[in-house]
Amino acid sequence: MISNSDKILVAGATGGVGQLVVAKLLARDLSVRALTRTRSKAESMFDRKVEIAEGDIRYPNTLLDATTDINYIICCTGTTAFPSLRWDFANLFQPANSPEEVDGEGVKNLVVAAPQDLNRFVFISSCGVLRKDELPYNLLNAFGVLDAKLMGEQAIIASGLPYTIIRPARLIDGPYTSYDLNTLLRAKTDGKKAVKIELGDRLSGETSRIDVANACVEALFHDTTINKDFSMINSGDRPTTTDWLQLFAQL
Ligand SMILES: NC(=O)c1ccc[n+]([C@@H]2O[C@H](COP(=O)([O-])OP(=O)(O)OC[C@H]3O[C@@H](n4cnc5c(N)ncnc54)[C@H](OP(=O)(O)O)[C@@H]3O)[C@@H](O)[C@H]2O)c1
């Protein structure tokens, strides 16, 4: 079980889910190191309440300092499923920031850089990785995002590190435009729909970024999630409180 002396590396900390993960970890008095490609962006976003490590998961040599003395990794990195400016085509001398390079090779690089005694690698993958021939996932995978996510999953499992793989469906809620940590901490976690999780890759629908971030953090407190992969959506009426112990017990 995680303790306050542990340090958690959040890769993709500046992203929609990543920002919420950082805020939720800090709210639990946990120590965070944020991996970002742009130090200044993370510094202003997190109000200097976290350690910052500058690195790009496409480049293994940029990950060495970032992963030193880390006990947990939560990997929230991602790029667009379809070609966009986020693929950074501008620089012909570096690999595109495409799904293959980020969700596949990049995750592999992070796994290799992880300490051997890491307590857990939590990875945000995607619904559909095991259903790539079915609608709508065959369309979503037109540029290989599900192939790449599966490559990332397989690298994590093959590493022998304890892991939790979370497969959300289409993300809703956020990301929040506010760069103020307090604003993030006030982000509402009481959306209208309940959290539903299921082992494997059988659910489809929509998933709240807030609940994906909740699941990433709650997983660290529940050992039933160790070496489990599950899909996650929001559906049905939301109870007053989400009982993560009970949800994870299904796994
Ligand atoms: N969108 C969906 O419907 C959907 C569905 C299923 C699963 N997912 C997955 O859910 C997760 C969270 O999604 P989101 O929308 O919250 O993500 P997001 O806002 O797009 O954030 C992506 C993060 O990845 C970082 N990143 C991108 N390329 C990187 C690289 N080469 N090296 C290091 N960091 C890099 C970005 O950092 P910079 O600030 O440096 O750009 C950013 O912090 C992602 O893994 C995504 O693939 C999304």
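Structure: above.
Every value quoted in this text rests on a predicted model; they were computed, and no experiment measured them.

Rules behind the numbers
Residues numbered from 1 in each chain as written. Predicted model: local features only at pLDDT ≥ 70, side-chain atom pairs only at ≥ 80, totals over all residues. Heavy atoms only, no water. Helix = DSSP H or I, 4+ residues; strand = E, 2+ residues; numbered from the N terminus. Rg over C-alpha atoms; globule rule 2.2 N^0.38 Å. Buried < 20%, exposed > 50% of the residue type's maximum accessible area, 1.4 Å probe, protein only. Contact = heavy atoms within 4.5 Å. Areas by Shrake-Rupley, 256 points an atom, 1.4 Å probe, with all protein chains shown as cover. Lys, Arg positive; Asp, Glu negative; His and termini not counted. Charge placed at Lys NZ, Arg CZ, Asp CG, Glu CD. Disulfide = S-S within 2.5 Å. Phe/Tyr/Trp six-rings, centres within 6.5 Å; stacked < 30°, edge-to-face > 60°.

(A) Spatial organisation of the overall build of the protein. On a plain count of helices and strands, the protein comes out with nine helices and ten strands. Relative to the compact-globule value of 18 Å for 251 residues, the protein shows a C-alpha radius of gyration of 17 Å, a close match. By residue count, 53% of the 251 residues in the protein fall in the buried class. The contacts in the protein between residues at least 6 apart in sequence include a share of 75% that link residues at least 24 apart. Accessible surface, the protein: about 11,700 Å² in total, of which carbon and sulfur atoms supply 51%. Between the mean site of the 27 positive side-chain charges and the mean site of the 31 negative ones, the protein shows a separation of 4 Å.

(B) Examining the state of the cysteines more closely. Scanning all chains against the criterion turns up zero disulfides. Considering cysteine sulfurs only, C216 is the nearest to C127, which forms no disulfide, with 14 Å between them. The thiol sulfur of C216 is not disulfide-bonded, and the nearest other cysteine sulfur, from C76, lies at 5.1 Å. Owing to a relative accessible area of 0%, C216 belongs among the buried residues under this scheme.

(C) Region of interest: the packing of aromatic side chains. Applying the stated criterion across every chain yields a total of four aromatic pairs. For the pair W87 and F143, a centre-to-centre distance of 6.2 Å together with 80° between the ring planes defines the contact as edge-to-face. Linking W87 in the loop between strand 4 (72–75) and helix 4 (99–113) with F143 in the loop between helix 5 (137–140) and helix 6 (145–159), this pair joins segments that are 56 residues apart in sequence. Plain terms: the ring middles of W244 and F248 are 5.4 Å apart, the flat faces sit at 40° to each other, and that makes the pair tilted. Taken together, the residues W244 and F248, both in helix 9 (residues 244–249) and four residues apart, mark about one turn of the helix.

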